[in-house]
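Examination of the molecular architecture
These are the residues of each chain, in order.
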Amino acid sequence: MINIESVNQIKQSPIAERIQVIEILLHSLKNDIQKRQVEKKPAVRPFKVRRFSLGEEVHVDREELYSERGH
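The rules behind these values
- Residues numbered from 1 in each chain as written.
- Predicted model: local features only at pLDDT ≥ 70, side-chain atom pairs only at ≥ 80, totals over all residues.
- Heavy atoms only, no water.
- Helix = DSSP H or I, 4+ residues; strand = E, 2+ residues; numbered from the N terminus.
- Rg over C-alpha atoms; globule rule 2.2 N^0.38 Å.
- Buried < 20%, exposed > 50% of the residue type's maximum accessible area, 1.4 Å probe, protein only.
- Areas by Shrake-Rupley, 256 points an atom, 1.4 Å probe, with all protein chains shown as cover.
- Lys, Arg positive; Asp, Glu negative; His and termini not counted.
- Charge placed at Lys NZ, Arg CZ, Asp CG, Glu CD.
- Polar contact = N/O pair within 3.5 Å; in protein donor to acceptor, adjacent residues only side chain to side chain.
- Patch = residues over 30% accessible without salt bridge, like charges linked within 9 Å, V, L, I, M, F, W, Y side chains within 5 Å.
- Salt bridge = Lys/Arg side-chain N within 4 Å of Asp/Glu carboxyl O.

**Focus: the overall build of the protein**
- When you go through the protein residue by residue, the secondary structure sums to three helices and zero strands.
- Relative to the compact-globule value of 11 Å for 71 residues, the protein shows a C-alpha radius of gyration of 31 Å, a clear excess of over 25%.
- Viewed in the frame of its principal axes, the protein has a C-alpha envelope of about 80 × 35 × 20 Å.
- A buried classification covers 1% of the 71 residues belonging to the protein.
- Here the protein has roughly 8200 Å² of accessible surface; of this, 55% comes from carbon and sulfur atoms.
- Positive and negative side-chain charges of the protein, numbering 13 and 11 respectively, have mean locations separated by a distance of 10 Å.

Okay, here's the thing in structure tokens:
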């Protein structure tokens, strides 16, 4: 938890110093978020394509296939 005295000291600081504190906090948050995103990346798993045969060559008439759908 944040020390109340520190918060009060920040509240009484000049605007330029408060903006600087905000920038430091934002920079810290961005770094933490980037670290989490890097950690959560899923491991890349290589895959192999298996060939298979349908038994014979298949010819499809697209016009006939789409006409059966009824637009």
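**Examining helix α1 (residues 4–11)**
- The element α1 is largely exposed, with a buried count of zero among its eight residues.
- The backbone nitrogen of Glu5 lies 3.0 Å from a side-chain oxygen of the residue at the head of α1, namely Asn3.

**Things to note about the side chain of Ser13**
- Along the polypeptide, Ser13 turns up in the loop between α1 and α2 (15–39).
- Judged by its relative accessible area of 17%, Ser13 falls in the buried class.
- In terms of polar contacts, Ser13 uses its side chain to reach the backbone carbonyl oxygen of Gln9, at 2.8 Å.

**Let's talk about the environment of Glu64**
- Positionally, Glu64 belongs in helix α3 (residues 62–69).
- The exposure class assigned to Glu64 is partly exposed, which follows from its relative accessible area of 45%.
- Counting along the chain gives 31 residues from Glu64 to Ile33, while the straight-line C-alpha distance between them is 53 Å.

**Quick word on a nonpolar patch on the surface**
- Taken together, Phe52, Leu54, Val58, Val60, Leu65 and Tyr66 make up a surface patch of nonpolar side chains, about 660 Å² in accessible area.
- Looking at the secondary structure, you find Tyr66 in helix α3.
- Overall, Tyr66 belongs to the partly exposed group, its relative accessible area being 40%.

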